[in-house]
Amino acid sequence: MLKAFFESFLDLIYKQKCCVCGCSKTNEILCKNCAKTVHNLSGYAQRKIEDVCIFSAFKYEETIKKIIRNFKFNRRKSAAIPCAALLFEYYKKVCKQNDFHFDNLNAILVCVPSHPLRTMKRGYCHNEILTKEFSKLCNIDYDFSLIKKVKNTVPQYKVRANQKAKNIKDAFKIFPKNINNKTIILIDDVITTGSTLYEVIVNLKKYSYNKIIVLTLAC
Ligand SMILES: [Zn+2]
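These numbers were taken from a predicted model, which means no experiment stands behind them.

A. Local environment of the overall build of the protein. When you go through the protein residue by residue, the secondary structure sums to 8 helices and 7 strands. Relative to its length of 219 residues, the protein is compact, with a C-alpha radius of gyration of 18 Å against a globular reference of 17 Å. Principal axes of the C-alpha set define a box for the protein whose edges measure 65 × 40 × 30 Å. The buried share of the protein, reckoned over its 219 residues, is 34%. Taking the contacts inside the protein whose residues are at least 6 apart along the sequence as the reference set, 70% of them involve residues at least 24 apart.

Structure representation (structure tokens):
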């Protein structure tokens, strides 16, 4: 009986719950049933923007959409943890397939930031907390002082596709630092038209950084 008690106690501590349906039939981030509903992408770059490789873990569909929307719009700050874990699983695949070897000495994590007013309204900057959680898993430091959003734009999802580039133009400012030898790993939740990432990448490139790669949860 004591053994059973300890086993259920350990289950409680260590057993992972599926981040979508909440069932505890798994030790993974997604249970088998939910894992079947996501579309995993390859560890090779899905696309390039200004020669920067964009790596996305999943197709932006059903289950993944639900996870990201919960995290982003429903004030589910804790959803950053499974999101970061999913991104980290994908990141390992990217490193293996592309023969990347990043560590704290040669890489730095940054993210596409929200405008301070938007952060205040939401209560958190979702990409920052995603990056912080991701940083704990990959052991690479983050620095959010490098890129700031200086224009409080209309959210891109509310803007027509042909207006997105105009909407986001000059929205970010780079505060360059002495990180010339570092690879910048830029994190964003979702890439759709790529206008936001284009704007950030073009600005970052003005400061001739060694290498930039982009990691997103979905595309
Ligand atoms: Zn599930």
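Let us keep going from here.
B. View of the sheet that holds strand β7 (residues 211-218). The strand order across the open sheet formed by 5 strands is β1-β2-β7-β6-β3, and the pairing between neighbours is mixed. Only two strands of the sheet have a single partner each, and these edge strands are β1 (47-49) and β3 (107-111). Within this sheet the neighbouring strands show an average axis-to-axis angle of 30°, counted without direction. As paired elements, β3 and strand β6 (residues 183-190) share 5 bridges and run parallel to each other. Paired with A107 across the bridge in β6 is T183. This element, helix α4 (residues 80-98), spans β2 (52-58) and β7 of the sheet and lies at about 130° to β7.

C. Representation of the nonpolar core. Formed by 55 residues in total, the largest nonpolar core has its most connected members in C83, L87, I185, L186 and L217. At the level of elements, β2, α3 (62-73), α4, β3, α6 (126-138), β6, α8 (195-205) and β7 are the ones that each hand at least two residues to this core. If one sorts the elements of this core by residue count, α4 sits on top with 8 residues. Each of domain 1 (1-36) and domain 2 (37-218) gives at least three residues to this core.

D. Examining the pairing of β3 more closely. Here β3 lies mainly inside the structure; 5 of its 5 residues are buried. Here β3 shows a buried face lined by A107, L109 and C111 and a second buried face lined by I108 and V110.

E. Layout of the domain arrangement of the protein. Split by domain assignment, the protein resolves into domain 1 (1-36) and domain 2 (37-218). Counting from both sides, the interface comprises 7 residues of domain 1 and, opposite them, 8 residues of domain 2. Split into classes, the residues belonging to the side of domain 1 that touches domain 2 amount to 6 nonpolar, no polar and 1 charged.

Calculation notes
- Residues numbered from 1 in each chain as written.
- Predicted model: local features only at pLDDT ≥ 70, side-chain atom pairs only at ≥ 80, totals over all residues.
- Helix = DSSP H or I, 4+ residues; strand = E, 2+ residues; numbered from the N terminus.
- Rg over C-alpha atoms; globule rule 2.2 N^0.38 Å.
- Buried ≥ 20, exposed ≤ 12 C-beta atoms within 10 Å, placed from the backbone.
- Contact = placed C-beta atoms within 7 Å.
- Pairing = 2+ DSSP bridges.
- Axes fitted to C-alpha atoms, helices over the stretch in contact; angles between N-to-C directions.
- Core = buried A, V, L, I, M, F, W, Y, C linked by C-beta atoms within 7 Å.
- Domains from an automatic or database assignment.
- Nonpolar A, V, L, I, M, F, W, Y, C, P; charged D, E, K, R; others polar.

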